[in-house]
Amino acid sequence: MGTCGLWDNTGMSEIPAPDAAAVPKVGFVSLGCPKALTDSELILTQLSAEGYATSRTFEGADLVIVNTCGFIDDAVKESLDTIGEALSANGRVIVTGCLGARAGEGGGNMVREVHPSVLAVTGPHATQEVMDAVHSHLPKPHDPFVDLVPPAGIKLTPKHYAYLKISEGCNHRCTFCIIPYMRGDLVSRPVGDVLKEARALFEGGVKELLVVSQDTSAYGVDVRYRTGFWEGRPVKTRMLELVQALGELAAPHGAWVRLHYVYPYPHVDEVIPLMAQGLVLPYLDVPFQHSHPEVLRRMKRPASGERNLERIARWRELCPELVVRSTFIAGFPGETEAEFQHLLDFVREAQIDRAGCFAYSPVEGAAANELPGMLPQEVREERRARFMAVAEEVSAQRLKLRIGATMQVLVDSAPSLGRKGGVGRSYADAPEIDGTVRLLPPQKLSKRLAVGEFTRARIVDSDGHDLIAEPI
Ligand code: SF4
């Protein structure tokens, strides 16, 4: 629930080993949201830099690292189960990630209470602590194969898109969320480091960069928008300057920059002209969570006093192509039927292009659990279903407007060079969370589709969340 979706990357990743017999092998399981995924990538990159190999199986590893998620109860269960599986198959397990920072029922560390035999437990964003634990339980190889690490580091996403985490933690205290208690207050990465990583990713072939954080619009607040340096010129640690610089870096590679977790603060208005100019994608992922001022107040949401309908209308005036994605919570404690209706009206009037919705579910330790008026589970679920029916209707109508248009599509899958068609995404679709563009077999015999490349396609139909298109 909230800003983090569950992000299941349970496949074990493998770094090639030059001499499998001599090199210590680490098994790695990455669970959780895109922010956790970037932590996994940092750890895997460091392991590779130091000469460790990875194993695809628990049994084939000398030690297993599990990067956990602790956001909602299902994620906690999945993480604890995975640790249990790794312990029974391998026995030597290091745990990192959000669940590692949570307290258990006995007041100690939750992971240690359930699985006392784990070798070490760290919280999220703790590459060095994880590496220290690896060093003490599986000493690092004498001769590191530093050259094996690509300049962009190890990525867990397909080669053509990558997440770029610009900050860690959050200064807000939304009552349904425990992320700030697990990850701490906002810490923005230096702007020069972020841009350096972005350049390496583009040079490594990334065609779509997804900017993530807990609150992208708050970038730099913690350092008072300090001026940093990039290639000898001053750049402020601030969303507008960062987005501008990312767009300029992406342009020579013909790559996309997509912004996630942006709150509707007034200063976000300044970014919209960059979208209208085509410097970054006209796509904003804004986790509104609700529309009714009273519910937003009980949620203690950032930017809850903003006039969001007017703000969205103004954004669309400046950039008619803008696609707005959002997440919402139905059945928050005390939500009246009238407040819920306000939310349905908001989705219709704001014409939210893509919406996800959670039925409110109490997260252990969240302040909202103490609010009066907890609704029965059936009411919360029923409101979620009603919300999704309205949101899907709005979304489907908006998709239909695209029929007949020609769009640029980034190809994600194209068996047999696309002769039988393929699957891709337009600027309106973020990977994993939005719909796709289903590509028909090209009419031109010479036309080929390749994963990670763009094709132009004419939209011929829509189907639920997806578009159907002919490559041209
Ligand atoms: S803004 Fe911060 S406190 Fe609120 S949901 Fe997002 S991470 Fe949690």
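Analysis parameters
Residues numbered from 1 in each chain as written. Predicted model: local features only at pLDDT ≥ 70, side-chain atom pairs only at ≥ 80, totals over all residues. Heavy atoms only, no water. Core = buried A, V, L, I, M, F, W, Y, C linked by side-chain atoms within 4.5 Å. Buried < 20%, exposed > 50% of the residue type's maximum accessible area, 1.4 Å probe, protein only. Helix = DSSP H or I, 4+ residues; strand = E, 2+ residues; numbered from the N terminus. Contact = heavy atoms within 4.5 Å. Axes fitted to C-alpha atoms, helices over the stretch in contact; angles between N-to-C directions. Parallel < 35°, antiparallel > 145°, perpendicular 65-115°, else oblique. Left-handed = near helix turned anticlockwise from the far one by under 90°. Nonpolar A, V, L, I, M, F, W, Y, C, P; charged D, E, K, R; others polar. Pairing = 2+ DSSP bridges. Phe/Tyr/Trp six-rings, centres within 6.5 Å; stacked < 30°, edge-to-face > 60°.

Details of the nonpolar core
Then, in step 1: Counting 59 residues, the largest nonpolar core has Leu246, Leu259, Met275, Leu284, Phe328, Ile352 and Phe387 as the members making the most contacts within it.
Then, in step 2: Top contributing element to this core by residue count: helix H7 (residues 239-250), with 7 residues.
Then, in step 3: Beyond its immediate sequence surroundings of up to four residues, Met275 is in contact with Leu259, Val280, Leu281, Pro282, Tyr283, Leu284, Cys319 and Leu322.

A word on the packing of helix H10 (residues 308-318) against helix H11 (residues 337-350)
Then, in step 1: Interaxial distance between H10 and H11 falls to 10 Å at its minimum, and their mutual angle equals 10°. In terms of their interaxial angle, H10 and H11 are classed as roughly parallel. Handedness of the crossing formed by H10 with H11: right-handed. Residues Asn308, Leu309, Ile312 and Arg316 of H10 pack against Phe346, Glu349 and Ala350 of H11.
Then, in step 2: Class assignment of the residues belonging to the contact of H10 with H11 gives a composition of 4 nonpolar, 1 polar and 2 charged.

Considering unusual backbone geometry
Then, in step 1: Even without being a glycine, Tyr225 presents a positive backbone phi close to 55°.
Then, in step 2: Looking at the secondary structure, you find Tyr225 in the loop between strand E10 (208-212) and strand E11 (227-230).
Then, in step 3: A positive phi is found at Leu417, a non-glycine position, where the angle reads about 55°.
Then, in step 4: Here Leu417 lies in the loop between strand E17 (406-413) and strand E18 (422-425).

Details of the pairing of strand E12 (residues 233-236)
Then, in step 1: As defined by bridge partners, E11 adjoins E12 across 4 bridges and the pair is classed as antiparallel. Counted as the bridge partner of Trp230 is Arg233 from E12.
Then, in step 2: From the end of E11 to the start of E12, which pair antiparallel, there are 2 residues, and Glu231 there has a positive phi angle of about 50°.

Looking at the packing of aromatic side chains
Then, in step 1: Counted according to the given criterion, the structure contains 9 aromatic pairs.
Then, in step 2: Plain terms: the ring middles of Trp256 and Phe454 are 5.0 Å apart, the flat faces sit at 55° to each other, and that makes the pair tilted. Of this pair, Trp256 sits in strand E13 (residues 256-259) while Phe454 sits in strand E20 (residues 454-463); the two residues are 198 residues apart in sequence, bridging distant segments of the chain.
Then, in step 3: A centroid spacing of 6.3 Å and a plane angle of 65° characterise the contact between Phe328 and Phe346, whose relative ring orientation is edge-to-face. Residue Phe328 is found in strand E15 (residues 323-330), and its partner Phe346 is found in helix H11; the two are separated by 18 residues along the sequence.

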